[in-house]
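Take a look at the letters that make up each chain.
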Protein chains: 2
Amino acid sequence: MKVKMAELSVICPKFEETFSFLGKKWMGLIIDVLLDGPKRFKDLAESIPNVSDRVLVERLKELEERELVDRTVYPETPVRVEYSLTEKGRDLEKAMGEVKTWGEKWL
Amino acid sequence: MKVKMAELSVICPKFEETFSFLGKKWMGLIIDVLLDGPKRFKDLAESIPNVSDRVLVERLKELEERELVDRTVYPETPVRVEYSLTEKGRDLEKAMGEVKTWGEKWL
C-alpha cells in the first residue's frame with residue numbers, strides 16, 4: 001500500500017470524504033442490506049427498525065446523488081419503486097467488510 | 001459478509017464510529033505515514049506539510065486514546081519522543097487500503 005506522498009495528498013481528501021460519508025449514521029447498514037439485493041422502501045425500513053422514514057429517505061437520496069444506489073420505478077398499479085446498489089455501490093463491500101472485521105476484533 | 005441483522009445493529013454503532021473517526025481530516029494520512037514505521041513528531045509534521053502542529057497534536061492524542069498509536073519517550077539528551085502504531089492500529093491497513101482502492105477507482 002506504499003503510495004507516494006504527493007499521490008496521498010491528492011487521494012486523501014477523497015479518502016477522508018468517503019470514510020466520513022460511510023460513517024454517517026445508518027449509511028453502512030443501508031448499504032449492507034442492499035448488498036442482499038434490490039429492496040423496496042418498506043423492505044429497507046423493516047430491515048432497519050430504528051431508522052426513521054425521514055432519515056432513510058435522506059440517506060437514500062445521498063446514496064443516489066453519489067451514484068451508489070439506483071432508484072427504479074416500475075409503472076405497475078400500484079407503482080413499484082426499488083432501490084439497488086450500482087456497481088460503484090457494490091464495490092464498497094470489501095472495504096466495509098474489512099472495517100467490520102477490524103471493528104469486531106478491536107472494538 | 002452475510003451478518004444477521006441483530007448482529008449488525010450491535011456492530012453498527014462501532015462500525016459507524018470507526019468510519020467517521022477514520023474520516024476525520026488528516027487521520028488516514030497520519031496512519032498511512034506511521035504504517036512506514038515509528039516517527040518523531042517533526043518527521044510526521046514534515047511528511048504531512050499542510051497539517052498544523054496543533055491539529056497534528058490533537059489527532060495523535062485521539063489516536064493514543066483509542067490505543068491505535070503508542071507514544072514512546074526515550075530518556076536521552078535531548079529527550080526523544082516517537083509515535084508508532086499499535087497492533088490495533090497496524091490492523092487498519094487492510095481496511096484503509098480497500099477504501100483507498102475504491103476511492104481511486106470511483107472518485
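On a predicted model such as this, the values are computed, not experimentally measured, just so you know.

Moving on to the sheet that holds strand β3 (residues 80-85) of chain A. All names here are of chain A. The strand order across the open sheet built from 3 strands is β1-β3-β2, with neighbouring strands paired in antiparallel fashion. A strand with exactly one partner marks an edge of an open sheet, and here the two such strands are β1 (39-40) and β2 (69-74). Direction of pairing for β2 relative to β3: antiparallel, over a ladder of 6 bridges. Within β3, the residue paired with Tyr-74 across the bridge is Arg-80. Contacting β1, β2 and β3, helix α2 (residues 27-34) runs over the sheet at an angle of about 100 degrees to β3.

Residue and element names in this part refer to chain B. Its location among the elements puts Glu-62 in helix α4 (residues 53-65). Taking the relative accessible area as the measure of exposure, Glu-62 reaches 13% and is therefore buried. It is 9.5 Å that separates the C-alpha atoms of Glu-62 and Met-27, two residues lying 35 residues apart in sequence.

Let us look at the sheet that holds strand β3 (residues 80-85) of chain B. All names here are of chain B. Spatially, 3 strands are ordered β1-β3-β2 in an open sheet, and the strand pairing comes out antiparallel. A single partner strand is all that each edge strand has here, and the edge strands are β1 (39-40) and β2 (69-74). Sheet analysis places β1 next to β3, joined by 2 bridges and oriented antiparallel. Looking across to β3, one finds that Lys-39 is bridged to Tyr-83.

Here is what the cut-offs are and how they apply
Residues numbered from 1 in each chain as written. Chains lettered and ligands numbered in written order. Predicted model: local features only at pLDDT ≥ 70, side-chain atom pairs only at ≥ 80, totals over all residues. Heavy atoms only, no water. Pairing = 2+ DSSP bridges. Helix = DSSP H or I, 4+ residues; strand = E, 2+ residues; numbered from the N terminus. Contact = heavy atoms within 4.5 Å. Axes fitted to C-alpha atoms, helices over the stretch in contact; angles between N-to-C directions. Buried < 20%, exposed > 50% of the residue type's maximum accessible area, 1.4 Å probe, protein only.

Keep in mind these values describe shape, not function.
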